[in-house]
Amino acid sequence: MPNIQPIRSRYRFEVLSGDQVRAIQDATLEVLDQVGIHIPSPRALDVFAQNGAAIDAERQIVRLAPDLVRQALAQAPRSYTLAGRVPGTELYLDGAATYAGTDGCGTQTVDFDSGVQRPSCKDDVAKMARVSDYLSSVSFYWPMVSAQDFGPLAPLHELDAAFNNTVKHVQSETVMGQASARYAVRMAEVIAGDRARLRANPPFSMLICTIAPLAQDKEGIEAGMVYAEAGVPVGFMAMPNMGATAPAVPGGALVVGNAEVVAAMVLMQLVAPGAPVFYSLLASVMDPHTADYIVAIPEKYLCNAAAVQLAHDWGVPVLAGAFGMDAAEPATWELGRDSVYTALMVPLAGADMITGGGMLKASTLLVPEQLIYDDEIYHTHRVLLEGIETSAEALAVDVIQAVGPRGHYLGQRHTRRHLRDIWIPALTHPRPAAPDHAQTDIRCRAKAQLDRILAEHQPEPLERAAQDELRAILEAARQESGA
Amino acid sequence: MSDELYDKLCQSVVDGEPEEAAELAQMALDQGLDPLDCINRGLTPGIDRVGELFATGDYYLPDLIIGGDAMKAALAVLEPALTQGRERQIVARVVLGTVQGDLHEIGKTLVGTMLTANGFQVTDIGVDKPASEFVAAVKDSGSTLVGASALLTTTMLHQQDVIEALKEAGLRDKVKVMVGGAPITETWADKIGADGYAEDAISAVALAKKLVSG
Ligand code: B12
């Protein structure tokens, strides 16, 4: 049975008041109506024009009236299901749970054996899919690094490695352009069984970045339309950076990012009414001296949580950022501090999905055992947010009576029953027989856990026929690209 | 009187006040001051001071960029008035852009700002630019240096296209090519036959200076 434990928060944390949400939405509608979005795609511009949007064809700017936006987004479903390739992997994006995924698209890997940093490759994507298949903190898998050994076909090979090595849902952030998107849809059809099942229980979804400020990427937005038509859930992520690609104020950054994501989601609804879409907005602050995107800073955590409210106000699921921090080294004070804020705030705010586990150096460096550390923080948060039970069994007055003053609870059946329910942090409290038990250094323990998973865990294999079909699709893509 | 005006010009750059800088430049010309003296004794010390304040961390990037804008605004007034033989010294002309398919803007822009602050004349062609546009810009501007930025493992291949296109245009021996961006390494730069790689904007300036002097 696939191992998935989502976070079900009892609390709801709201960064923005209702009036503040309205103020941001109104400002966004004003920007969409008055300033517009740069959309360098003839096909997208046509669709907008047919639906009554104001087009400046020469500058490739689309301006959207508030009514058009509201009507289009009213068609987007608030709830739908992401599936894996076996039963039991379903993720219900209905507001009741937060599902976590890995980080993705790194360019460097700390080698599994030598520990030396090197360019990433397809086998890294496969290995980390296997580790993710095992860990219950991971509900869906982003190919964690680029399959740089496959040149321009890397994105499709990342999917192949992912589908072959985990039964869990796969989400990509790299398969762009209409041609590649069509191949990805075919691969997803193979996994789902057929076209209808892909729609009903998509084992694959897509995340596409918008371009701050106020623009879309041609390849991204055109791929998005292909996915929306095929019923593959497609999300848009804005990354406005305060001071560089957005005003140096959180509110303004939210307006810029919100406008980008909303424009893209509107387009999807115009192309395929009712298409499952999701929302993502990761605003941060630029380093005032280097212009880098600062990954760990309070304004970002606030904006992440605010973005959850904005998405839900539009009536769509949201993917929020967690983990994926700046630090260059695992097991440091810096990483501990930062991971906790990002990963705790967004489930508290009610995010449907979160991503970011396993990566360092601002989502560029894969340190394989980092996923083990993040797993432990994730479960800490899961338990925190589940809160405290107060049923008769949970208050245990009968057991307290039975033991009375002094004595102990070690021999109680109630203890035996419930101690098992308590999640024990394994990195700091390993089991006696665990291979890492003798290790005192937390880094060695994490590495030992990783090595054990890689040595022992084999996900349910993809059927032979499906494997062959994926290979045939990759071959067709190779021939078409002339690579 | 003239010293006071040079100081004011200098200060308008340090304070990042483009309108004021242009007004002061016009005032200087009206008073019959030599435009080259205005540049060398007013603007240049101003932008040098901005650079120092940025280097010590007192200034943030917007201070640097708007300081550069003030300098440009004053230059726009002063340069047309320069007489033959008394032109402004520039280190070199450079064409800068982000390669085709790549929309990452900030790193490239920052490199351009730092080069400008260090006396280079920068033609920034923008993002998502095919190799042919780099070549055209080199021809138009008479640049001797090209900087190509790429932030994606899929677009870094196009840095090589820029080099090939320069070869085809018969310009490769006249210009030096430097490359940069998050996935770029020294090894990659060597592999595609670039003349240099720099990790950040500060080292990009050092690299550019080295390439044009040697
Ligand atoms: C901000 C950002 C964006 C913004 C860019 C906004 C804008 N208008 O510029 C947005 C959201 C639009 C974006 C989009 C995408 N991005 Co992006 N992005 C980043 C991020 C977080 C920071 C980049 C940045 O601005 N850094 C700050 C500047 C100052 O640093 P810099 O660019 O590295 O530049 C310095 C040096 O490299 C050097 N330098 C740079 N250029 C040059 C040139 C020369 C000549 C020299 C000498 C030096 C030099 O000097 C600069 C100054 O110090 C990086 C991650 C990272 N940490 O790099 C990802 C990252 C580059 N993006 C990534 C991806 C995947 C994408 C998308 C494909 C996502 C998607 N699914 O749609 C799209 C692609 C769009 C496109 N076609 O280009 C990946 C790339 C992975 C890979 N395998 O290649 C990264 C690494 C993040 C990740 N792991 O997912 N992105």
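Below, the structure is looked at part by part.

Rules of the game
Residues numbered from 1 in each chain as written. Chains lettered and ligands numbered in written order. Predicted model: local features only at pLDDT ≥ 70, side-chain atom pairs only at ≥ 80, totals over all residues. Heavy atoms only, no water. Near = heavy atom within 4 Å. Polar contact = N/O pair within 3.5 Å; in protein donor to acceptor, adjacent residues only side chain to side chain. Helix = DSSP H or I, 4+ residues; strand = E, 2+ residues; numbered from the N terminus. Patch = residues over 30% accessible without salt bridge, like charges linked within 9 Å, V, L, I, M, F, W, Y side chains within 5 Å. Areas by Shrake-Rupley, 256 points an atom, 1.4 Å probe, with all protein chains shown as cover. Salt bridge = Lys/Arg side-chain N within 4 Å of Asp/Glu carboxyl O. Lys, Arg positive; Asp, Glu negative; His and termini not counted. Charge placed at Lys NZ, Arg CZ, Asp CG, Glu CD. Buried < 20%, exposed > 50% of the residue type's maximum accessible area, 1.4 Å probe, protein only. Axes fitted to C-alpha atoms, helices over the stretch in contact; angles between N-to-C directions. Parallel < 35°, antiparallel > 145°, perpendicular 65-115°, else oblique. Contact = heavy atoms within 4.5 Å. Pairing = 2+ DSSP bridges. Core = buried A, V, L, I, M, F, W, Y, C linked by side-chain atoms within 4.5 Å.

Residues in close proximity to the ligand total 46 residues, the closest being A:Ser146, A:Glu173, A:Ser363, B:His104 and B:Thr153. Residues close to the ligand are split across chains A and B. Between the ligand and A:Cys209 there is a distance of 2.8 Å, counted from an oxygen atom to a backbone nitrogen or oxygen. A:Ala212 is positioned with one of its backbone polar atoms (N or O) 2.8 Å from a nitrogen atom of the ligand. For the shell around the ligand, the secondary structure elements donating two or more residues are strand E11 (204–209) of chain A together with helix H5 (106–117), strand E3 (145–149), strand E4 (176–180) and helix H9 (201–213) of chain B. Among the elements that take part in the shell around the ligand, H5(B) stands out by supplying four residues, more than any other.

Turning our attention to a negative patch on the surface. Residue and element names in this part refer to chain B. A cluster of acidic side chains, namely Asp 15, Glu 17, Glu 19, Glu 20 and Glu 23, defines a negative patch on the protein surface. Counting residues per element, the negative patch draws most heavily on helix H2 (residues 18–30), at three residues. Assignment of secondary structure puts Asp 15 in helix H1 (residues 2–15). Accessibility expressed as a relative area gives 44% for Asp 15, which makes it partly exposed.

All names here are of chain A. Running from N to C, helix H2 (residues 42–50) and helix H9 (residues 250–271) point in directions that differ by 75 degrees, and their axes come no closer than 10 Å. With respect to H9, the axis of H2 lies roughly perpendicular. Taken together, the residues of H9 that come into contact with H2 (itself represented by Arg 43, Ala 44, Val 47 and Phe 48) are Ala 263, Val 266, Leu 267, Leu 270 and Val 271.

With that settled, the discussion passes to the sheet that holds strand E20 (residues 365–366) of chain A. All names here are of chain A. One open sheet accounts for four strands, arranged E8-E7-E20-E19; its pairing is mixed. The sheet is open, and its two borders are formed by strand E8 (117–119) and strand E19 (359–360), each paired with just one other strand. Here two bridges tie strand E7 (residues 108–110) to E20, and the two strands are oriented parallel to one another. When the sheet's bridge partners are listed, Gln 108 is paired in E20 with Leu 365.

Note on soluble globular proteins: their nonpolar side chains tend to be buried together. If you look at the biggest cluster of nonpolar residues, it comprises 141 residues, and the most contacted ones within it are A:Tyr227 and A:Tyr279. Sort the elements by how many residues they give to this core and H9(A) lands first, with 15 residues. Residues within four places of A:Tyr227 in sequence aside, it is in contact with A:Val175, A:Ala181, A:Ala184, A:Val185, A:Phe204, A:Met206, A:Val232 and A:Val234. Counting 48 residues, the second largest nonpolar core, distinct from the first, contains B:Leu9, B:Val50, B:Val205 and B:Ala208.

This next bit is on the pairing of E3(B). All names here are of chain B. With five of five residues buried, E3 is to be regarded as a mostly interior element. Burial of E3 is two-sided: the residues Leu 145, Gly 147 and Ser 149 facing one way and the residues Val 146 and Ala 148 facing the other way are all buried. Alignment of strand E1 (residues 93–99) against E3, held across five bridges, turns out to be parallel. Bridged to Thr 98 within E3 is Ser 149.

Moving on, we get to the pattern of salt bridges. For the coordinates displayed, the defined rule picks out 29 salt bridges over all chains. Among the salt bridges present, the one from B:Lys129 reaches B:Glu133, with a minimum N-O distance of 3.7 Å. On the accessibility criterion, B:Glu133 (36% relative accessible area) is partly exposed. One network of salt bridges, with partners in common, ties together A:Asp111, A:Arg118 and A:Asp124.

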